[in-house]
Amino acid sequence: MEKVLKIGIIGCGAIGKDHCRRIIETVPGATVVAVSDYVAAAADDTAAKYGIKSYGNDCDGMIKDPEVEAVVITSIDPTHHDYVMKTLAEEKWCFCEKPLSQNAADCEDIIKREQEIGKRLVQVGFMRHYDRGYAEMKRIIDSGELGAPLMIHACHRNVSQPDGFQTEMGVSNVAIHELDICRWLLGDEYKSGQVLKVRQSACSTKGYDNPQIVLLETQSGARIDVEVQVADAYGYDIQCQVVCEKGTVNLPDPYAVVKRSNATRSFPILTDWKDRFIEAYDIELTHWVKTLEEKGEPDGPSAWDGYAACVAADTLNRSRGTNQFLPIEMMDKPALYK
Ligand code: NAP
């Protein structure tokens, strides 16, 4: 009989519900056996939909349940560090949505604990590694056919943000995807960075900076600019161009039928991240389950990758208003992640 990985999910909000459906309906070799959420009713509703166990708001109890072999953390950012540490205390596999923690110091705790255990148990939800567009860009860059990568121009545009959104989250929650994917595409670490506030958009009325521009320099001297708009009023639009010595590679737009009418050629732009990266999330979780089954540990984005993105985010947020590039300083990479 096929082995089925039994998963518990913490956080039954937007992505928690989506991952629950995905694991139950789409991912082979895994199922969700229990859910929990800060608000017990949210867990109860999701559990009732699939006929699985609700731990209500007893997230810690769910982590300890002997039936739960792996924990998926989809609660809000400030809770990630604690739940990852509690999952590691049980020496269970842990898939934690981005960001790994609120800051680099908390990621260091996780790295230290994984080293004590002596194997990787954590994977971070940087699903862009599994997006076909980014994967093909990386393949071309790594092949060397275009020479060395020199620059990246990227943008991350979102329709709107929930209440409580703050300027710092434009980096630590939103652009964290670019902080991860740019170092992955280039196979390089960051040397310095700064955030600039530019002319502000009238689309944001809730007191946070919008847009912001993130500027980075890598160890090899490549330069990166990322436009971060968290309220753009038109769509969820992710773009990335890597400029190499002998050519460029561009992230493709998602599949869309081109319509010709009224003397216009057009195609729709998605508005929801769940739709934009739906295939990447499916591949990500399918790959995660398969590698746990085959290798006993994950091989996707690691706690080290989560840490690297948080070090950059911390530095960028410290640079705001200084008008200076600040050094991005990381600890030495432990052998576990080499
Ligand atoms: P969300 O809709 O607000 O869902 C978060 C859920 O966690 C809510 O039900 C929330 O309850 C619950 N929660 C709050 N505090 C908790 C606690 N202490 N313990 C357990 N549950 C708690 O947010 P979301 O959009 O799903 O995002 C969840 C996480 O996934 C975030 O960290 C986000 O960065 C990440 N994410 C990643 C991607 C990606 O592309 N990889 C996309 C979206 C989100 P309340 O409603 O009562 O607060």
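The structure reproduced in this document is the subject of the present report. (Residues numbered from 1 in each chain as written. Predicted model: local features only at pLDDT ≥ 70, side-chain atom pairs only at ≥ 80, totals over all residues. Heavy atoms only, no water.)

Secondary structure summary: the protein chain contains 11 helices and 15 strands in total. A globule of 338 residues ought to have a C-alpha radius of gyration of about 20 Å, and the protein chain, at 20 Å, matches this closely. Dimensions along the principal axes, computed over C-alpha positions, put the protein chain at roughly 55 × 50 × 45 Å. Each of the 338 residues in the protein chain was classed as buried or not, and the buried ones make up 53%. Taking contacts inside the protein chain between residues at least 6 apart in sequence as the whole, the part at least 24 apart equals 71%. Here the protein chain displays about 15300 Å² of accessible surface, and carbon together with sulfur accounts for 50% of that area. (Helix = DSSP H or I, 4+ residues; strand = E, 2+ residues; numbered from the N terminus. Rg over C-alpha atoms; globule rule 2.2 N^0.38 Å. Buried < 20%, exposed > 50% of the residue type's maximum accessible area, 1.4 Å probe, protein only. Contact = heavy atoms within 4.5 Å. Areas by Shrake-Rupley, 256 points an atom, 1.4 Å probe, with all protein chains shown as cover.)

The next point concerns the side chain of Arg157. With respect to the helices and strands, the residue Arg157 is situated in strand E7 (residues 149–157). Taking relative accessible area as the criterion, Arg157 reaches 16% and is therefore assigned buried. Within polar-contact distance, the side chain of Arg157 engages the side chain of Glu227 at 2.6 Å. The contact partners of Arg157, leaving out residues within four places of it in the chain, are Glu227, Gln229, Asp232, Tyr234, Gly235, Tyr236, Asp237, Ile238 and Gln239. (Polar contact = N/O pair within 3.5 Å; in protein donor to acceptor, adjacent residues only side chain to side chain.)

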